Amino acid sequence: MQNDRFDAIPIPKELNNIVKAGVQEGIREQKRLHKNRLMLRSSATAAAALVAVLAGVLLISNPSVAAKLPLIGRIFTMMQDKTSYKGDFSRNAEVYVEEGGAEGTPERKQAEGIRREDMTQTSDQDMSGLSGEKTQSQYVQTANGLTVTISEANCTKQALYLALCIENEEEFPADFIKTKNMDDYILDYDMLYLTTKSYYNIPSMGKEERNEAAGNGFSVPAYIEGNFVDSRTFTGIIMVSLEDDLMCGGQATTWPEQFTYYLEISDIYGELLEYEEIEVRDPETGEMITIPESVMKHYTGTWNFAIEVNTNRTAVQTVQVNKTNEDGVGIASVEKTAFEISAQIILPEDVQRYDYVVTILDADKKRLENQGANGDIFSIYGRNTDTVYVYVCDYMQFMDELKGDDKKIEEGALFGTEVHF
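Keep in mind the model is a prediction, meaning the values are calculated, not measured. Each residue is numbered by its place in its chain's sequence as written, counting from 1. Given that the model is predicted, a residue must reach a pLDDT of at least 70 before its local features are reported, and side-chain atom pairs must reach 80 or more before they are shown or counted; all residues, however, enter totals for whole chains, interfaces and linings. Hydrogen atoms and water are omitted, and side-chain values are computed over all heavy atoms in the structure.

Engineer: Which parts of the structure should I look at to understand the pattern of salt bridges?
Structural biologist: Side chains that differ in sign of charge can pair as their charged atoms come close. What counts as a salt bridge is simple: a side-chain nitrogen of Lys or Arg found within 4 Å of a carboxyl oxygen of Asp or Glu. Tallying each qualifying case throughout the model produces six salt bridges. Here Arg-353 makes a salt bridge to Asp-376, at a shortest N to O gap of 3.2 Å. Of this pair, Arg-353 sits in the loop between strand S12 (340–346) and strand S13 (356–361) while Asp-376 sits in strand S15 (residues 374–379), and the two are 23 residues apart along the sequence. Relative accessibility under 20% of the residue-type maximum defines a buried residue, over 50% an exposed one, and the middle range a partly exposed one, all with a 1.4 Å probe and only protein chains included. Accessibility expressed as a relative area gives 27% for Arg-353, which makes it partly exposed. Among the residues examined, Asp-376 registers a relative accessible area of 28% and is labelled partly exposed. Where Lys-365 meets Glu-410, a salt bridge forms, and the shortest distance between an N and an O atom there is 3.3 Å. Of this pair, Lys-365 sits in the loop between S13 and strand S14 (370–371) while Glu-410 sits in helix H12 (residues 406–412), and the two are 45 residues apart along the sequence. You can call Lys-365 partly exposed: its relative accessible area is 34%. Only DSSP runs of H or I with at least four residues qualify as helices, and only runs of E with at least two residues qualify as strands; both kinds are numbered from the N terminus onward.

Engineer: Looking at this model, I keep getting lost on the packing of aromatic side chains. Mind explaining?
Structural biologist: Note on aromatic contacts: the rings of Phe and Tyr and the six-membered ring of Trp form a pair at centre separations within 6.5 Å, being stacked when their planes are under 30 degrees apart, edge-to-face when over 60 apart, and tilted otherwise. Taken as a whole and assessed by the stated rule, the structure comprises 14 aromatic pairs. Geometrically, the ring pair formed by Phe-89 and Phe-339 is edge-to-face, given 4.8 Å between the ring centres and 80° between the ring planes. With Phe-89 in the loop between helix H5 (75–79) and strand S1 (94–95) and Phe-339 in the loop between strand S11 (330–336) and S12, this residue pair connects regions lying 250 residues apart in the sequence. Residues Phe-89 and Phe-339 agree in their burial class; the two are buried. With 5.7 Å between their ring centres and 80° between their planes, Phe-172 and Tyr-299 make a pair best called edge-to-face. Highlighted residues: Phe-172 in the loop between strand S4 (159–168) and helix H8 (178–181) and Tyr-299 in strand S9 (residues 288–310), separated in sequence by 127 residues. The same class applies to Phe-172 and to Tyr-299, which are both buried. Among the aromatic residues, ring-to-ring pairing joins Phe-172, Phe-176, Phe-228, Phe-234 and Tyr-299 into one connected group.

Engineer: What should I look at first to understand helix H11 (residues 395–402) in this one?
Structural biologist: Since the α-helix advances by 3.6 residues per turn, residues separated by three or four positions end up pointing in the same direction. Along H11, the positions that sit buried rather than exposed are Phe-398, Met-399 and Leu-402. Buried residues of H11 fall within an arc of 130° about the axis and therefore sit on the same side. In this structure, the buried side of H11 is in contact with S13, strand S16 (387–394) and H12. One or two residues past the end of H11 sits Gly-404, with phi positive at roughly 90°. The reported arc concerns the directions from the helix axis to the C-beta atoms and nothing else. Any two residues having at least one pair of non-hydrogen atoms within 4.5 Å are treated as being in contact.

Here's what the structure looks like:
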């Protein structure tokens, strides 16, 4: 997480509002570009309005049509270009639950190249989830008025993307819908925070090893990015960094083509537009100071899932580089999947990894954005990455002088290489 996209990741409530202000500043340019795209589409407004009117007449005259509008099973299609981690996730996605909420048939899932027999023969032990309570359904769970559906998944060697629908029997607070109800909100998506536990059916990454995952350095899903379809329904995407989990797993060296990902959600919550004062200790002076903190609305419960995953390896390309500068700083390899690209750094034994930043420019020498919160994985969505330029920079120099100026990165990097796919 050593480049400027790190400044744009969603920040949990434990961090203060000063950091949150920095987050929004870091993505202000993204919002500006989004507005420009909206302006470019203005020429199509009249046609779109006509279509909307005709569709509205149809839905009013036939409410059953409105009830059958596709949602479950098509969340990737709706959301894949609206979050901080983008990709053509709907392509070759695993669809776990069909339109209308029914779990997909074995025939359709088999036709889509998904391992269905294993999915229908999951043992009671596999379905028990982290809490030890048997789940209601493999992909649909209801607790305390909230129904959570794991609709779709797409998995590369670097990350697992899950499409979720969260339905509330009551209305969510209007404050949750910041894209519509908060002045000067600059993101294109809303967020719900999550308290989760997770593990895999993989050696060294099982339930016992990961029961205290966050405390042991494992990443766990902490938020979901998406949009409110209406006041009771939220659809969004979770990104699980397999790269991070692999590094923390110890014994595992690569991901199997098929595995089970167990996810337990125990709390779903969001920020209200209200604040309360709390006391914290100033890390520099040691004095207690008072700062405002957002008030949270929580929905607690148990939503357990055993998710059968197939890794999409059809688009994986790896280029071996194995070059360094005279100080031993360089790049070993560059790997590109269907959605992401990353580089393996080479460093001398007597230095720390966090003192260096790897950044990647596309074929037009424009810096790629990070894929979500992971500072070492970059998004290739909508970019030409047939040729990329990979640079290793000193962390402090990058943050103080180079970030935001692609030409300066090229000139100031400690090491650089051109890679062709």
